[in-house]
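Coordinate inspection notes
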Amino acid sequence: MTGAVDMGGKDAYAVLGIEDGLLATEADIRKTYRKLALKWHPDKYKGSDAERAAKEFDGIQKAYEVLTDDKAKEALDNLLRLRRDRELRYRRENERRLELVRELEEKERGS
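Read on for an overview of the structure.

**Details of the overall build of the protein**
Looking only at helices and strands, the protein has four helices and zero strands in total. When the helices and strands of the protein are read in sequence order from the N terminus, they spell out α-α-α-α. Taking 111 residues into account, the globule formula puts the C-alpha radius of gyration at 13 Å, and the protein, at 21 Å, lies well above it. The principal-axis extents of the C-alpha atoms in the protein amount to approximately 75 × 35 × 25 Å. Buried positions account for 23% of the 111 residues belonging to the protein. For the protein, the share of sequence-separated contacts (at least 6 apart) that also reach a separation of at least 24 residues comes to 57%. Averaging the locations of the 25 positively and 25 negatively charged side chains of the protein gives two centres separated by 2 Å.

Given below as structure tokens:
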């Protein structure tokens, strides 16, 4: 299984509703999966709800497969680390830009 599984544009942690996947333990992942699998199991639903439940259940299963495959989980974790680091770097750069703009405006007012 690869990390390229289509899950509606969400990463596997987001599909399971795990906010900070990089800190999630195997037990956290398993517990969350079981809870959602029980909630969305297609046998519990009838009629039009059964189709939605089947889609949700399929997404939950795919996410769990990714997170239990060591190589796929490592690739996903690396991607999430890169995204987090890029976001932090952007925030720092933006804060520095705003600080420079404020300093420049203060100098212009003082002139």
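Now, onward.
**Concerning the environment of Arg84**
Here Arg84 lies in helix 4 (residues 70-110). Under the relative-accessibility criterion, Arg84 is labelled partly exposed at 42%. Considering only alpha carbons, one finds Arg84 and Tyr45, 39 residues apart in sequence, at a separation of 38 Å.

The rules behind the values
Throughout this document, residue positions are counted from 1 along each chain, in the order its sequence is written. Only residues with pLDDT of 70 or above have their local features reported here, since the model is predicted, and side-chain atom pairs are shown and tallied only from 80 upward, although totals for entire chains, interfaces and linings are computed over all residues. With hydrogens and water stripped out, all remaining heavy atoms of the structure feed into the side-chain values. Going along the chain from the N terminus, every DSSP run of H or I of four or more residues is numbered as a helix, and every run of E of two or more is numbered as a strand. We take the radius of gyration over the C-alpha atoms and set the globule estimate at 2.2 Å times the residue count to the 0.38 power. Classification of residues uses two cut-offs on accessible area relative to the type maximum, computed with a 1.4 Å probe and protein chains only: under 20% is buried, over 50% is exposed, and between them is partly exposed. Any two residues whose heavy atoms approach within 4.5 Å are treated as being in contact. A positive count includes Lys and Arg, and a negative count includes Asp and Glu. His and the chain ends are not counted in either. Just so you know, the charge point we use is NZ for Lys, CZ for Arg, CG for Asp and CD for Glu.

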